[in-house]
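# Overview (structure and organization)
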Amino acid sequence: MNKEDLKVLVTGCAGFLGGSMSYELLKNNFKVIGVDNFINSDRKNISLIENTYKDKFNFFEADISKNNEALNSIFSEFKPNLIMHFAALKSVPESIKKPKLYLDNNIEGTKNILHSMHKFECKNIIYSSSAAVYSDENIQPVNENSFLMAKSPYAESKIQSEREIINAASSNKIKAIILRYFNPICSHKDNVIHDNLNNGSLMNEIIKTALGINKQLLINGNDYETKDGTCERDFIHVQDLLNAHIESLCLFKKINDFIILNVGTGSSISILELINAFEYFNKININYSFSKKRDGDIIKSFTDTNKIYKHINWSAKYKLEEMVKDSWLPFSK
């Protein structure tokens, strides 16, 4: 797809990933329409994007899981021809406490996007899915055909949203690229938009401990059957994740219905390895201790990168050293 012909609707554009993607698209001269309801974000990223790209960015506050009229109005006025669908509640622990909220918000938002796409003949969507959809009973590394099993309402909402998109694509209504992210950390290399430190991710808890906001970092479990007893993840630099989205645009000319791609480095890094690397490369001590295991956590998860490399010649560029340095850089001063 030629970027000069694209008008991209980014849902969840006030959030960390949606905001970063919006900024990256605008930086690369795409036209962007953003929508968010601020349920787990604020106007900070929107204000920054509006001030930087006044003439290329249009933003609307709307709840796409409830307000189909507002969504249809956006489609009617701007006629986007590509959707990048980031909008979702994303905390695994919160989803266990509030399952209905997560299932309603995330799945209904996807259904409404698909409804508006059909109504206004928008044919292309890139969906922000998650490695949380995979069962931890899979042999590692997982590939796109590995067994799915939701251990949390958040994961279930992603699986169900994928099914809605696949059904729409299989009936020849749309073309869909489903990107299953592993564990994005840091911010993009322009160092402009940063994650909200209060969102509860591991890296944010490390940073809050480094800043003295938290006296101690609690690691959930140290007796898992892993290399050092802590959970293992495939951590990926956000810049790599953003680049994967842009590189995947070429697939719309090649696919007939949908494609699913894992987006990760292909390397397994334990929680302790991440903390130790953060300490070593940033020359700062992190006070941590161990607490009980957390419901819904997958023990070990990293990806087989063969499919994404085969289809778009993409592989992660940034290594662990650069990831931990870039995570700390915005806060080190």
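Right above here is the structure, for reference.
Here is a short report on the structure shown in this document.

Conventions adopted
- Residues numbered from 1 in each chain as written.
- Predicted model: local features only at pLDDT ≥ 70, side-chain atom pairs only at ≥ 80, totals over all residues.
- Heavy atoms only, no water.
- Helix = DSSP H or I, 4+ residues; strand = E, 2+ residues; numbered from the N terminus.
- Expected span 1.5 Å × (residues − 1).
- Buried < 20%, exposed > 50% of the residue type's maximum accessible area, 1.4 Å probe, protein only.
- Contact = heavy atoms within 4.5 Å.
- Polar contact = N/O pair within 3.5 Å; in protein donor to acceptor, adjacent residues only side chain to side chain.
- Pairing = 2+ DSSP bridges.
- Arc of directions from axis to C-beta.
- Phe/Tyr/Trp six-rings, centres within 6.5 Å; stacked < 30°, edge-to-face > 60°.
- Lys NZ or Arg CZ within 6 Å of the ring centre and 35° of its normal.
- Disulfide = S-S within 2.5 Å.
- Axes fitted to C-alpha atoms, helices over the stretch in contact; angles between N-to-C directions.

Moving on, we come to helix 5 (residues 99-119). The first and last C-alpha atoms of helix 5 sit 30 Å apart over 21 residues, in line with the 30 Å expected at 1.5 Å per residue. Of all the residues in helix 5, the buried ones are Tyr102, Asn105, Asn106, Ile107, Gly109, Thr110, Asn112, Ile113, Leu114, Ser116 and Met117. Taken together, the buried residues of helix 5 touch strand 1 (7-11), helix 3 (68-78), strand 4 (82-85), helix 4 (92-97), strand 5 (124-130) and helix 6 (153-170). Immediately beyond the C-terminal end of helix 5, within one or two residues, lies glutamate 121, with a positive phi of roughly 55 degrees.

Moving on: the environment of glycine 18. Along the chain, the position of glycine 18 falls in helix 1 (residues 16-27). Among the residues examined, glycine 18 registers a relative accessible area of 2% and is labelled buried. C-alpha separation for the pair glycine 18 and asparagine 243, spaced 225 residues apart in sequence, amounts to 13 Å. For glycine 18, the residues in contact, after removing those within four places along its chain, are Val10, Gly12, Cys13 and Phe86.

The subject of this paragraph is the side chain of serine 135. In this fold, serine 135 is placed in the loop between strand 5 and helix 6. At a separation of 3.0 Å, a polar atom in the side chain of serine 135 contacts the main-chain amide nitrogen of glutamate 137. Every residue in contact with serine 135, bar those within four places of it in the chain, is listed here: Phe147, Leu148 and Met149.

Here we have three strands laid out as an open sheet, ordered 12-9-14, and mixed in their pairing. If you trace the sheet from one side to the other, it starts and ends with strand 12 (269-270) and strand 14 (300-301), each paired once. Two strands pair when backbone bridges link them, and strand 9 (residues 232-233) and strand 12 are joined in this way by two bridges, in the antiparallel orientation. Looking across to strand 12, one finds that glutamate 232 is bridged to serine 270.

Turning our eyes to something else, we now look at helix 2 (residues 44-52). Looking only at helix 2, the buried set comprises Asn45, Ile46 and Ile49. The arc that holds the buried residues of helix 2, viewed along the axis, is 100 degrees, so those residues lie on one side. Exposed side of helix 2, more than 90 degrees from the buried face: Lys44 and Asn51 are the residues found there. Lining the buried residues of helix 2 we find helix 1 and strand 3 (57-61).

Okay, the packing of aromatic side chains next. Evaluation of the coordinates by the stated rule reveals eight aromatic pairs. With a centroid separation of 6.0 Å and 25 degrees between ring planes, the pair formed by phenylalanine 75 and phenylalanine 120 is classed as stacked. Of this pair, phenylalanine 75 sits in helix 3 while phenylalanine 120 is found in the loop between helix 5 and strand 5, placing the two residues 45 residues apart along the sequence. A relative accessible area of 0% means that phenylalanine 75 is categorised as buried. Above the plane of the ring of tyrosine 224 lies lysine 293, whose end atom (NZ or CZ) is 4.6 Å from the centre.

This part covers the state of the cysteines. Counting across every chain of the model gives zero disulfides. Here cysteine 186 stays unpaired: no disulfide links it, and the sulfur of cysteine 231, its closest cysteine neighbor, is 20 Å away. Classification of cysteine 186 by relative accessible area gives buried; the value is 10%.

Our next topic: the sheet that holds strand 1. An order of 3-2-1-4-5-6-11 is seen for the seven strands of this open sheet, with the pairing classed as parallel. One side of each edge strand has no neighbouring strand; the edge strands of this open sheet are strand 3 and strand 11 (258-263). Within this sheet the neighbouring strands show an average axis-to-axis angle of 15 degrees, counted without direction. As judged from the five bridges shared by strand 1 and strand 2 (residues 31-36), these two strands associate in the parallel manner. Along strand 2, the bridge assignment pairs threonine 11 with valine 35. The strands touched by helix 1 within the sheet are strand 1, strand 2, strand 3, strand 4 and strand 6 (175-181), with strand 1 carrying the most contacts at an inclination of about 165 degrees. Its contacts with the sheet place helix 3 against strand 1, strand 2, strand 3 and strand 4, and it is angled at close to 160 degrees to strand 3.

On to unusual backbone geometry, then. Residues glutamine 140 and proline 141 are joined by a peptide bond in cis, for which omega reads 0 degrees. On the secondary structure map, proline 141 appears in the loop between strand 5 and helix 6. Positive phi values are uncommon outside glycine, yet asparagine 29 reaches one of about 70 degrees. Within the secondary structure layout, asparagine 29 lies in the loop between helix 1 and strand 2. Here asparagine 29 falls in the partly exposed class, since its relative accessible area comes to 48%. The backbone phi angle of glutamate 121 is positive, close to 55 degrees, even though this residue is not glycine. Taking the relative accessible area as the measure of exposure, glutamate 121 reaches 62% and is therefore exposed.

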